[in-house]
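Spelled out, the chains give:
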Amino acid sequence: MFLVGPMGAGKTTIGKLLAKQLGRPFVDSDWYIESQTGADIAWIFAKEGEAGFRERETRAIDELTQQPQIILATGGGAVMCAENRAFLKQRGIVVYLNAAVDVQLARTAKDKSRPLLQQPNPRKILQDLYSTRDPLYRQVAHIIMPTGHTYPRHMVNQLLQQLQSFGLSTVIAPEHKS
Ligand SMILES: Nc1ncnc2c1ncn2[C@@H]1O[C@H](COP(=O)(O)OP(=O)(O)OP(=O)(O)O)[C@@H](O)[C@H]1O
Ligand SMILES: O=C(O)C1=C[C@@H](O)[C@@H](O)[C@H](O)C1
Ligand SMILES: [Mg+2]
């Protein structure tokens, strides 16, 4: 199961909770790229440019979408590459977590780890990215879920209900077994 959506939509937060609930492995593609590279995203953007990061991202998405059982949170820009979109759409269930720009802005404001937002007008950046990317998230998604006004735990319950119609079986996590 693969989560897509803009920065601040909650892919990492929801993905982690969902994986725990399902007893499945969770991987965040941004974290995976950082661990493979031995450097953080800001460093990769600074040294290799966005193009260098995107190459690393495509390799990561290709590898990770082949891992069985994975709950994968993708980076906000993963859908920009047609190859990534094909890997995602053909290899699993794709969930688009959709959040309005105001919500994205509030959730990302204090965090300096997203290089694309370290500009004087992050609202305009988020708006422009949303216009370009929203159709691509929709193109690749099997399920679309708004995340603006719902607590993460509630989101996970809603998502589990939707996933049942796709036949995603629930495994009871070891800590919940009696
Ligand atoms: N449903 C929610 N309600 C309230 N806060 C949330 C919700 N989902 C996520 N957040 C908060 O928003 C911030 C960003 O969330 P998160 O890092 O999960 O987004 P993301 O989609 O993974 O972003 P990125 O694409 O940049 O990795 C975090 O501080 C998180 O706690
Ligand atoms: O929206 C984007 O293009 C990005 C989102 C983050 O998840 C990271 O993948 C990186 O900061 C780029
Ligand atoms: Mg994330």
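Keep in mind that this is a model prediction, so the values were computed, not measured.

The rules behind the values
- Residues numbered from 1 in each chain as written.
- Chains lettered and ligands numbered in written order.
- Predicted model: local features only at pLDDT ≥ 70, side-chain atom pairs only at ≥ 80, totals over all residues.
- Heavy atoms only, no water.
- Helix = DSSP H or I, 4+ residues; strand = E, 2+ residues; numbered from the N terminus.
- Rg over C-alpha atoms; globule rule 2.2 N^0.38 Å.
- Buried < 20%, exposed > 50% of the residue type's maximum accessible area, 1.4 Å probe, protein only.
- Contact = heavy atoms within 4.5 Å.
- Areas by Shrake-Rupley, 256 points an atom, 1.4 Å probe, with all protein chains shown as cover.
- Near = heavy atom within 4 Å.
- Polar contact = N/O pair within 3.5 Å; in protein donor to acceptor, adjacent residues only side chain to side chain.
- 1 Å grid on protein atoms, 1.4 Å probe; cavity = no way out; pocket = protein on both sides within 12 Å on 5 of 7 lines; lining within 4 Å.
- Sits in = over half its atoms within 2 Å of the grid points.
- Nonpolar A, V, L, I, M, F, W, Y, C, P; charged D, E, K, R; others polar.
- Pairing = 2+ DSSP bridges.

Further remarks concern the overall build of the protein chain. Within the protein chain, the secondary structure is distributed over 7 helices and 5 strands. When its helices and strands are written in sequence order, the protein chain yields β-α-β-α-α-β-α-β-α-α-β-α. For the protein chain, whose C-alpha radius of gyration is 16 Å, the value lies close to the compact-globule estimate of 16 Å for 178 residues. The principal-axis extent of the C-alpha atoms belonging to the protein chain is close to 50 × 35 × 30 Å. Residues classed as buried in the protein chain amount to 47% of the 178 residues present. In the protein chain, the proportion of contacts linking residues at least 24 apart, taken out of those at least 6 apart, comes to 73%. Surface exposure of the protein chain reaches about 9200 Å², of which carbon and sulfur atoms provide 52%.

Surveying the vicinity of ligand 2 reveals the residues Met7, Asp30, Ile41, Phe53, Arg54, Gly75, Gly76, Gly77, Pro115, Leu116 and Arg133. Separating an oxygen atom of ligand 2 from a side-chain N or O atom of Arg54 is a distance of 2.7 Å. Separating an oxygen atom of ligand 2 from a backbone N or O atom of Gly76 is a distance of 3.1 Å. Placement of ligand 2 is best described as lying within the largest pocket. Considering each element in turn, the shell around ligand 2 owes the most residues, 3 residues, to helix H3 (residues 41-64). A per-class count over the shell around ligand 2 returns 5 nonpolar, 3 polar and 3 charged.

What follows covers the pairing of strand E5 (residues 143-146). Burial along E5 is one-sided: the face carrying Ile143 and Met145 is buried and the face carrying Ile144 and Pro146 is not. Of the strand pairs in this sheet, strand E4 (residues 94-98) and E5 are connected by 4 bridges, and their pairing is parallel. Residue Tyr96 lies in a different strand from E5, and its bridge partner there is Ile144.

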